[in-house]
Amino acid sequence: MELKIALLPGDGIGPEVVAQAVKCLRAIEEIFNHKFTYTEGLIGATSIYQTGVPLSEETIKLCSDSDAVLFGAIGSPEFDDDLDAKVRPESGLFQLRKELGVFANIRPVAVFPTLLKKSPLKESVLRGTDFVIYREISSGIYSGDRKLSKDGTTASDLCEYSEKEISRITHLAFKAAKKRRKKLTLIDKSNVLETSRLWRRVVKRIAESYPDVELECLFIDNAIMQMILNPSKFDVILTENLFGDIISDEGSVIGGSIGLLPSASIGEGKAMFEPIHGSYPQAKGKDIANPIATILSAAMLLQHFGLEEESRAVVSAVNKALKKNIVTPDINIKSKFGTNDVGDFIATNIVDTDETLNMNYENIGLGKSTII
Ligand code: IPM
Ligand code: MG
């Protein structure tokens with residue numbers, strides 16, 4: 001297969017982790033006889049410094065001319081610390097999500113058997129945890145009007161959702177649940193927010209077309225508590241943009257490190273793949289960032305294009321690294337392995353085999369996790 005892949009390494013540790021994922025994709029090309037081309041583009045703070053904007057026309061064109069986008073991370077302390085900044089790196093990411101027409105951000109949360117002890121949760125609580133978050137990523141408070149009064153004393157952010165925006169991701173989430181354990185949890189705050197009440201109405205109506213899927217509706221405050229007390233009860237989680245951002249970081253540490261969780265954003269056409277973590281500026285250039293979330297995002301990319309064996313081969317190599325403790329210090333504080341070592345190990349251990357390593361080879365693109 002030929003694929004044009006746009007690489008947007010972005011800020012902080014982005015370039016380091018994307019480089020490791022590319023090593024793995026190159027190994028896949030060689031072993032499975034594919035031809036991928038990679039073209040790098042600027043985004044985020046890096047782009048602001050070079051072009052004045054967080055997402056240039058050139059990068060937009062690169063992404064729309066490509067089959068998929070592999071994204072690293074965005075954000076920089078200079079901007080985080082400047083509350084009055086006129087332009088922000090993150091707005092490049094929001095604009096890109098819009099340009100690509102992606103609306104469903106799929107974040108599988110599973111526990112690697114070898115890492116059970118790394119989780120802040122007890123093994124007994126953790127066992128069996130395997131859920132996937134469907135986060136609406138195109139709308140809500142992320143894209144509503146923001147206002148600050150002239151005297152700087154009053155501010156507002158508008159959270160708006162249309163029925164269409166809710167129903168398109170809801171159908172995807174129900175379809176994923178049908179192929180999994182047939183449970184969908186809608187997370188909202190419908191005791192307070194009008195948008196949440198609209199979500200509930202739309203989701204309940206759509207649920208009637210999926211009678212074999214059990215629908216549960218939870219308020220966000222209760223849901224985040226239950227995710228800690230009983231994470232294995234969740235199967236597919238459906239939620240709006242901001243709640244999805246927050247609970248996915250919570251979900252990630254359940255598995256032992258935020259550096260492990262990949263994501264896929266899909267929608268009307270193009271798809272984008274990115275680790276769920278941020279730019280981790282403190283680690284930039286230190287060769288300590290965990291590349292696994294980005295490598296698994298590349299595995300989701302392969303899966304998205306129907307390259308199932310190839311995707312499995314990447315996930316198997318990741319499992320091998322975890323099993324052999326070839327990991328970065330976020331997983332093993334005493335580890336002498338860096339970002340590059342872990343990337344090299346995984347890339348060189350990608351082999352054409354159907355050997356299973358506790359893997360669940362279901363469709364990642366439909367939100368099924370690959371790791372059990
Ligand atoms: C994520 C990130 C982004 C988001 C940030 C960097 C703007 O936290 O993808 O989860 O909030 O969407
Ligand atoms: Mg986030």
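Residues numbered from 1 in each chain as written. Chains lettered and ligands numbered in written order. Predicted model: local features only at pLDDT ≥ 70, side-chain atom pairs only at ≥ 80, totals over all residues. Heavy atoms only, no water.

A. Main features of the overall build of the chain. Across its full length, the chain carries 13 helices and 12 strands. Its C-alpha atoms give the chain a radius of gyration of 20 Å, within 12% of the compact-globule value 21 Å for 372 residues. The principal-axis extent of the C-alpha atoms belonging to the chain is close to 55 × 50 × 40 Å. For the chain, the residues scored as buried account for 57% of the 372 residues in total. Sequence-distant contacts in the chain: of pairs separated by 6 or more residues, those separated by 24 or more amount to 75%. Accessible surface for the chain amounts to roughly 15,800 Å². Of this, 53% is attributable to carbon and sulfur atoms. Here the chain contributes 44 positive and 51 negative side-chain charges, whose respective centroids are spaced 5 Å apart. (Helix = DSSP H or I, 4+ residues; strand = E, 2+ residues; numbered from the N terminus. Rg over C-alpha atoms; globule rule 2.2 N^0.38 Å. Buried < 20%, exposed > 50% of the residue type's maximum accessible area, 1.4 Å probe, protein only. Contact = heavy atoms within 4.5 Å. Areas by Shrake-Rupley, 256 points an atom, 1.4 Å probe, with all protein chains shown as cover. Lys, Arg positive; Asp, Glu negative; His and termini not counted. Charge placed at Lys NZ, Arg CZ, Asp CG, Glu CD.)

B. Here's a closer look at the site of ligand 1. Close to ligand 1 lie Ile74, Glu90, Phe94, Arg97, Arg107, Arg135, Tyr142 and Asp245, which account for all nearby residues. Between an oxygen atom of ligand 1 and a side-chain N or O atom of Arg135, the distance comes to 2.9 Å. Here an oxygen atom of ligand 1 sits 2.8 Å away from a polar atom, N or O, in the side chain of Asp245. Relative to its unbound accessible surface of 320 Å², ligand 1 loses 82% to contact with the protein. Here the shell around ligand 1 takes 3 residues from helix 5 (residues 89–100), the largest share from any one element. Looking at the shell around ligand 1 residue by residue, the classes come out as 3 nonpolar, no polar and 5 charged. Split by domain, the shell around ligand 1 shows at least three residues from each of two domains, domain 1 (1–104 + 259–372) and domain 2 (120–255). (Near = heavy atom within 4 Å. Polar contact = N/O pair within 3.5 Å; in protein donor to acceptor, adjacent residues only side chain to side chain. Nonpolar A, V, L, I, M, F, W, Y, C, P; charged D, E, K, R; others polar. Domains from an automatic or database assignment.)

C. Up close: the sheet that holds strand 9 (residues 214–219). The 10 strands lie next to each other as 2-1-3-12-11-4-5-10-8-9, forming an open sheet whose pairing is mixed. Only two strands of the sheet have a single neighbouring strand rather than two, namely strand 2 (35–40) and strand 9. For this sheet, the mean inter-axis angle between neighbouring strands, taken without regard to orientation, is 25 degrees. Of the pairings in the sheet, the one linking strand 1 (residues 2–10) to strand 3 (residues 68–73) comprises 5 bridges and is parallel in character. (Pairing = 2+ DSSP bridges. Axes fitted to C-alpha atoms, helices over the stretch in contact; angles between N-to-C directions.)

D. The domain arrangement of the chain, seen in detail. Examined at the domain level, the chain breaks down into domain 1 (1–104 + 259–372) and domain 2 (120–255). Averaged C-alpha coordinates put domain 1 and domain 2 at centres separated by 23 Å. Domain 1 puts 18 residues into the contact, and the matching count from domain 2 is 20 residues. When domain 1 packs against domain 2, the two sides together hide about 1,600 Å² of surface, and 60% of this comes from carbon and sulfur. Counting every contact that joins domain 1 to domain 2 gives 1 salt bridge. Between Arg168 and Glu268 there is a salt bridge, and its shortest N-O distance comes to 3.2 Å. Connecting domain 1 to domain 2 are 3 residue pairs in polar contact (both at pLDDT 80 or more). (Buried area = accessible area lost by both parts, 1.4 Å probe. Salt bridge = Lys/Arg side-chain N within 4 Å of Asp/Glu carboxyl O.)

E. Focus on the pairing of strand 5 (residues 130–136). Counting buried positions over the 7 residues of strand 5 gives 7, a clear majority of the element. Covered by surrounding structure in strand 5 are Asp130, Val132, Tyr134 and Glu136 together with Phe131, Ile133 and Arg135, the residues of both alternating faces. In terms of strand pairing, strand 4 (residues 102–110) meets strand 5 through 7 bridges, oriented antiparallel. Within strand 5, the residue paired with Ile106 across the bridge is Tyr134. Relative to strand 10 (residues 236–239), strand 5 is paired through 4 bridges, and the arrangement is parallel. Bridge pairing in strand 10 links Val132 to Val236.

F. Geometry of helix 12 (residues 308–323). Between its first and last C-alpha atoms helix 12 spans 22 Å; for 16 residues at 1.5 Å apiece the expected length is 22 Å, and the two agree. A large share of helix 12 lies buried, amounting to 12 of its 16 residues. Listed in full, the buried residues belonging to helix 12 are Glu310, Ser311, Arg312, Ala313, Val314, Val315, Ser316, Ala317, Val318, Asn319, Ala321 and Leu322. The inward-facing, buried residues of helix 12 contact helix 1 (14–32), helix 11 (292–304) and helix 13 (339–348). Asn325 lies just past helix 12 and shows a positive phi near 65 degrees. (Expected span 1.5 Å × (residues − 1).)

G. Here's a closer look at the pattern of salt bridges. For the structure shown, the criterion picks out 19 salt bridges. For the salt bridge of Lys233 with Glu216, the shortest nitrogen-to-oxygen distance reads 2.7 Å. Linking Lys233 in the loop between helix 9 (220–229) and strand 10 with Glu216 in strand 9, this pair joins segments that are 17 residues apart in sequence. Here the residues in one salt-bridge network are Asp130, Arg180, Arg181 and Asp235, joined through shared partners.

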